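This is what each chain is made of:
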Amino acid sequence: MAAIFVNDVVVGEGDGFVDIVVELTESSLQNVSVNYSTSNSTAVVSNGADATAVSGSLSFLAGETLKTVRVLLTDDGTAERFEHFRFNLSAPVNATLADASAMVSIVDNDTSAVLPGLFVRDVVVDEKAGTASFVVLLGGPEGQASTNVITVDYVTANDGAVAGSDYTAASGTLTFAPGETVKTVVVDITDDVTAEGIERFALNLDNAGNATIVDGQGIAVIAANDAAAVAVPRLSVADMVVGESDGYLDVVVSLSAPGTQVVTVNYTTYNSTAVISNSADATAVSGSLSFAVGETTKTVRMAITDDSTAERFEHFVFTLSGASNATLADASAMVSIVDDDTSAVLPGLFVRDVVVDEKAGTASFVVLLGAGGAGKHQCDHRRLRDGQRRCGGGQRLHGSERHADICTGRDGQDGGGRYHGRCDGGGYRALCAEPGQCRQCDDRRRAGDRGDRGQRCGGGGGAALVGS
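Q: Whenever I open this one, the overall build of the chain confuses me. Can you help?
A: Counting its regular elements, the chain contains zero helices and 37 strands. Contacts in the chain between residues far apart in sequence, at least 24 positions, make up 66% of those at least 6 positions apart. By element, 48% of the accessible surface of the chain is carried by carbon and sulfur atoms, the whole surface being about 22100 Å².

If you want it as structure tokens, here you go:
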């Protein structure tokens, strides 16, 4: 039986309209129908504020596989953040729902710049997807318009995947008319039968006219699907780290191998230190995914809220449940958000370690701007006691207890004669041991600590050294 799906899309506020593409995974010998409707999210469609709500029914005659639904966009004069609404499918007849909801994102055009920045986004696709779509943004997710015509050249490049056998090489020039903020480059990919691992290719931007290139390379990841099919594959979702200003992320849900039957699984998100139930830090999602025979990869798009409040390292949880024709190997992912509301003239760059199994296929290094400390220090986070004073920053509240920001970016002494330094990652501030000594941070009660309890330092509770 054919399955119906709809893909996420990113459009510019000045585009006038967007055509939502609804497709069947295969042609059917029977007529197929499905209902559709739009719903508010951070963008409002119910009153036409950001787009005009639509609803109705689509009918696919026998042999047809594609339909479009046009949604009108509202080009107002109000500067807005990255927003989105949902396009939803329901009540299929003679078909199933493979992906029943799409996130339609709108990039604003009410902020202008003399030389707006160009950004190209990465994309993850299954080899059976047929195409990989690179979204090119003017001004990033929040958008920057121009009164000038803007042009930029693009070209694909091998990065493991080979043009001609894994994808079709593409090149050309994108033109942004005044007020436009989004363009999409669609590249054909090849669903071959050669047993391959994960492959990549790039889309490179060059030779911009009336704009600057900020992020000029997008990477397409083609997930492997050529392994022998198994009756009960394993489902997993991986942890992710994103920046608050990224606008959106695609959570990747994978099968260990293609299934011999259609695989389905439910997904949902939960608050943790990041709040998503009211879209404070991200917008909650829930639904179900359906993997056709031969598919191994699906993505779930989520919007990230770029507010102006300085925040600590936060995360929410993405979980899988109710798998059919598969088992759950890793049913929960921590999605971490790195804040962007504290600035520095020369911010620090940090790259995190990674541990992977050889069968994982890839190792992902996370590079952070401004996370972690200056130098390596052994830190021991403690409640501020009498006789200690802060060495920099202001007092902070941690639950019902009073703590102080007693670290600086360099080694030095606090009012009690002890050495201090910035803690290594994690957002904690700490009082540090004498220089040259190493003390492990943990949750054990320490002798001579006047009954105060140590807390974990940094991102993982490990030890560090004071000194340069």
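Q: Is there a simple way to think about a nonpolar patch on the surface in this case?
A: Side chains of L349, V351, V354, V356, F365, V367 and L369 sit close together on the surface and give an oily, nonpolar patch of about 690 Å² of accessible area. Broken down by secondary-structure element, the contributors of at least two residues to the nonpolar patch are β28 (349-351) and β29 (367-369). Note that V367 resides in strand β29.

Q: What am I meant to see in the pattern of salt bridges here?
A: Close approach of charged atoms allows side chains with opposite charge to pair. Tallied over the entire structure, the rule returns eight salt bridges. Put simply, K128 and D191 hold a salt bridge, and the shortest N to O gap is 3.1 Å. Of the two residues, K128 is situated in the loop between β11 (123-126) and β12 (131-138) and D191 in the loop between β15 (182-188) and β16 (199-209); the sequence distance between them amounts to 63 residues. The exposure class assigned to K128 is partly exposed, which follows from its relative accessible area of 38%. Its relative accessible area of 36% is what places D191 among the partly exposed residues. Of the charged contacts, one joins E180 and K183 as a salt bridge, the two residues approaching to 3.1 Å between their closest N and O atoms. What makes K183 partly exposed here is its relative accessible area of 22%. Connected via shared salt-bridge partners are D8, D250 and R301.

Q: In this structure, what is going on with unusual backbone geometry? I would like to understand it.
A: Apart from glycine, the bulk of residues carry a negative phi angle, and the bulk of peptide bonds sit in the trans form. Unusually for a residue other than glycine, N94 sits at a positive phi of about 65°. Relative to the helices and strands, N94 resides in the loop between β7 (83-93) and β8 (96-99). With relative accessibility at 29%, the residue N94 sits in the partly exposed group. If you check the backbone angles, N325 has positive phi at about 65° while not being a glycine. Positionally, N325 belongs in the loop between β25 (314-324) and β26 (327-330). On the basis of relative accessible area, N325 is assigned to the partly exposed category, the value being 30%.

Q: Would you take a moment to explain the packing of aromatic side chains for this structure?
A: What characterises a pair of aromatic rings is the spacing of the ring centres plus the angle enclosed by the ring planes. In total, this model carries five aromatic pairs according to the counting rule given. Seen from their ring centres, F82 and Y248 are 5.8 Å apart, and the 25° between their planes marks the pair as stacked. Pair noted here: F82 is in the loop between β6 (66-72) and β7 and Y248 is in strand β21 (residues 248-255), with a separation of 166 residues, a long-range link. In terms of burial, F82 and Y248 fall into one category: buried. Both rings, one in Y167 and one in F201, keep their centres 4.1 Å apart while their planes meet at 10°; by these two values the pair is stacked. With a gap of 34 residues between them, Y167 in the loop between β13 (150-158) and β14 (171-176) and F201 in strand β16 connect regions that are remote in the sequence.

Q: Looking at this structure, I do not really get the sheet that holds strand β17 (residues 212-215). What am I missing?
A: By way of backbone hydrogen bonds, the strands of a sheet pair with one another, either parallel or antiparallel. Across the sheet, which stays open at both edges, the four strands sit in the order β15-β12-β10-β17 with mixed pairing between neighbours. If you trace the sheet from one side to the other, it starts and ends with β15 and β17, each paired once. Put simply, the sheet's adjacent strands are angled 25° from each other on average, direction ignored. Sheet topology note: the β12/β15 ladder contains seven bridges and is antiparallel.

Q: What is the right way to look at the sheet that holds β8 in this model?
A: Sheet architecture is open: four strands sit in the order β6-β3-β1-β8, paired in mixed fashion. Only two strands of the sheet have a single partner each, and these edge strands are β6 and β8. Strand-to-strand, the axes of this sheet are offset by a mean angle of 25°, without reference to chain direction. Strand direction decides the pairing type here: strand β1 (residues 3-6) and strand β3 (residues 17-24), joined by three bridges, are antiparallel.

Cut-offs used in this document
Residues numbered from 1 in each chain as written. Predicted model: local features only at pLDDT ≥ 70, side-chain atom pairs only at ≥ 80, totals over all residues. Heavy atoms only, no water. Helix = DSSP H or I, 4+ residues; strand = E, 2+ residues; numbered from the N terminus. Contact = heavy atoms within 4.5 Å. Areas by Shrake-Rupley, 256 points an atom, 1.4 Å probe, with all protein chains shown as cover. Patch = residues over 30% accessible without salt bridge, like charges linked within 9 Å, V, L, I, M, F, W, Y side chains within 5 Å. Salt bridge = Lys/Arg side-chain N within 4 Å of Asp/Glu carboxyl O. Buried < 20%, exposed > 50% of the residue type's maximum accessible area, 1.4 Å probe, protein only. Phe/Tyr/Trp six-rings, centres within 6.5 Å; stacked < 30°, edge-to-face > 60°. Pairing = 2+ DSSP bridges. Axes fitted to C-alpha atoms, helices over the stretch in contact; angles between N-to-C directions.

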